[in-house]
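Single-letter residue listing:
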Amino acid sequence: MREPVASEKITWQRRIALEWLYLLGTIAIGLTAFPATVMLLGTHELRFRLFYKAILKGDDYARWVMLAPYILFQLIRSILWALRALKR
């Protein structure tokens, strides 16, 4: 196994910062684009304006819609990681 070069080394602080940015970015997508898409497709009777009230009241469906992009992002990342690991 080769030693990573200086440009490939990521400190643990930078890795944590990146993961936080991934989380916050996908939550932002989950709060804007993803609910709009779900509601336009008509898969759930949840009005766009009421979506945010549902999150604050504790509606589980609304929270899952908010977190779905992050879960999907992490699933894709783990599949790609596994494929790269199998190629080695």
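Just so it is clear, the structure is predicted and the values come from calculations on it, not from any experiment. (Residues numbered from 1 in each chain as written. Predicted model: local features only at pLDDT ≥ 70, side-chain atom pairs only at ≥ 80, totals over all residues. Heavy atoms only, no water.)

Draft legend 1. Representation of the packing of helix 1 (residues 12-31) against helix 4 (residues 60-87) in the model. Helix 4 packs onto helix 1 with a crossing angle of 135° between their chain directions and a minimal axis gap of 7 Å. As far as their axial angle goes, helix 4 and helix 1 are oblique. The handedness of the crossing between helix 1 and helix 4 comes out as right-handed. In this structure, helix 1 uses R15, E19, Y22, L23, T26, I27, I29, G30 and L31 to contact helix 4, whose residues at the interface are V65, M66, L67, P69, Y70, F73, Q74 and R77. Looking at the contact of helix 1 with helix 4, its residues break down into 11 nonpolar, 3 polar and 3 charged. (Axes fitted to C-alpha atoms, helices over the stretch in contact; angles between N-to-C directions. Helix = DSSP H or I, 4+ residues; strand = E, 2+ residues; numbered from the N terminus. Parallel < 35°, antiparallel > 145°, perpendicular 65-115°, else oblique. Left-handed = near helix turned anticlockwise from the far one by under 90°. Contact = heavy atoms within 4.5 Å. Nonpolar A, V, L, I, M, F, W, Y, C, P; charged D, E, K, R; others polar.)

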